[in-house]
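For reference, the chains in residue letters:
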Amino acid sequence: MAQISTKPADPAARRLAGLLADAGRIVPFTGAGISTESGIPDFRSPGSPWLTNKPIDFALFVASEAARREAWRRKFAIDDLHRGARPGPGHAALARLVHEGRSPGIITQNIDGLHQASGVPEDRLVELHGNGTYAVCLGCGLRHELEAVRADFESSGRAPRCTSCGEPVKSGTISFGQAMPGRAMAQAGEWTRQADLFLAVGSSLQVLPAAGFPRLAKQGGARLVIVNREATALDDIADVVIRGEIGAVLGPLCATH
Ligand code: NAD
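So, a few notes on the structure that sits alongside this text.

What counts and how
Residues numbered from 1 in each chain as written. Predicted model: local features only at pLDDT ≥ 70, side-chain atom pairs only at ≥ 80, totals over all residues. Heavy atoms only, no water. Phe/Tyr/Trp six-rings, centres within 6.5 Å; stacked < 30°, edge-to-face > 60°. Helix = DSSP H or I, 4+ residues; strand = E, 2+ residues; numbered from the N terminus. Buried < 20%, exposed > 50% of the residue type's maximum accessible area, 1.4 Å probe, protein only. Lys NZ or Arg CZ within 6 Å of the ring centre and 35° of its normal. Pairing = 2+ DSSP bridges. Axes fitted to C-alpha atoms, helices over the stretch in contact; angles between N-to-C directions. Salt bridge = Lys/Arg side-chain N within 4 Å of Asp/Glu carboxyl O.

Moving on to the packing of aromatic side chains. Applying the stated criterion to the full structure yields three aromatic pairs. Seen in terms of ring centroids, phenylalanine 76 and phenylalanine 153 are 6.0 Å apart; in terms of plane orientation they differ by 40 degrees. Their pairing is tilted. Of this pair, phenylalanine 76 sits in helix H3 (residues 65–82) while phenylalanine 153 sits in helix H6 (residues 146–156), and the two are 77 residues apart along the sequence. Classification of phenylalanine 76 as buried rests on a relative accessible area of 5%. On the basis of relative accessibility, which here comes to 13%, the residue phenylalanine 153 falls in the buried class. Here a set of aromatic residues connected by ring pairs shows up, and it is made of Trp72, Phe76 and Phe153. The ring centre of tyrosine 134 lies 4.1 Å from the NZ or CZ of arginine 143, which sits over that ring. Cation over ring: lysine 170 sits above phenylalanine 61, and NZ or CZ is 6.0 Å from the ring centre.

A separate point is the sheet that holds strand S1 (residues 26–30). If you walk across this open sheet you meet the six strands as S3-S2-S1-S7-S8-S9, and the pairing is parallel. In the strand order of this sheet, the two ends are held by strand S3 (125–127) and strand S9 (240–243), each with one partner. Taken pair by pair, the neighbouring strands of this sheet meet at an average axis angle of 15 degrees, ignoring direction. Sheet topology note: the S1/strand S7 (residues 197–201) ladder contains five bridges and is parallel. Bridge assignment links isoleucine 26 to a residue of S7, and that residue is leucine 197.

Glancing now at the pattern of salt bridges. According to the stated counting rule, one finds twelve salt bridges in the structure shown. A salt bridge links lysine 218 to aspartate 239, with the nearest nitrogen and oxygen atoms 3.1 Å apart. Pair noted here: lysine 218 is in helix H8 (residues 212–219) and aspartate 239 is in the loop between strand S8 (223–228) and S9, with a separation of 21 residues, a long-range link. Taking relative accessible area as the criterion, lysine 218 reaches 28% and is therefore assigned partly exposed. Glutamate 245 serves as the salt-bridge partner of arginine 229, at 2.9 Å between the closest nitrogen and oxygen. With arginine 229 in the loop between S8 and S9 and glutamate 245 in the loop between S9 and helix H9 (246–253), this pair connects stretches of sequence that are 16 residues apart. Several salt bridges converge on common partners, so that one network encompasses Asp80, Arg83, Arg150 and Glu154.

Right under this line is the structure:
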């Protein structure tokens, strides 16, 4: 079982230590901030590479070969910047909660695959916005590996199509305007309703419907704790808000002896 290994000086961190020690079902909910310690920039902080260009929404991706080409060009350029990113101390801390049976699973808005890389099994992870480490056919749903998609794109100069049905292939992420994944939303709702401690980590909590889960947890009677370096949209309804760096806050609190 996870033990609280320190008596933190900060009153909010002490309060979180107490809540973690008492909680039966802890549900972590993570955003892009947990991966900045792995070298992947978040979405809204200054200098974000994600906001350099206007996002290509789902309708445009489906409608336009030129938009699909541009989406793939951007995707591979960003992948090259973050190649080799490894899980950080925040990922490791949350993985311990899952392994020790203190959490049914982690709900993430992230698309980088770093929770899996930290050892969290697929069935203990919900990816609300999909996963950018593979691609999916929009026609038949077949999974495609990025290496083959990239080789096709770079050799043909055309937006990749499914080798099985010929329809466009898209990164496995959920774009603006694309339907949320039904099973992921249902599983996230179930874990959230069962939580007695809901731990929102590294998210500005502005993106709906994902940011509805912390509210749902509160409505269901869970304690809501927010760990983020700056204010979030839901600080006013949280039981504890910790303004700090994720690894430094969660590392000691989730340590095992
Ligand atoms: P966001 O950028 O809106 O918010 C991230 C928050 O984390 C910010 O408030 C920032 O101050 C905080 N933060 C950053 N590093 C931190 C650290 N080390 N310690 C403490 N706080 C830290 O991100 P969001 O709320 O997750 O929403 C953005 C959307 O963009 C998500 O839906 C996600 O799918 C996508 N996205 C994902 C990734 C990824 O997978 N790594 C990266 C960028 C964007």
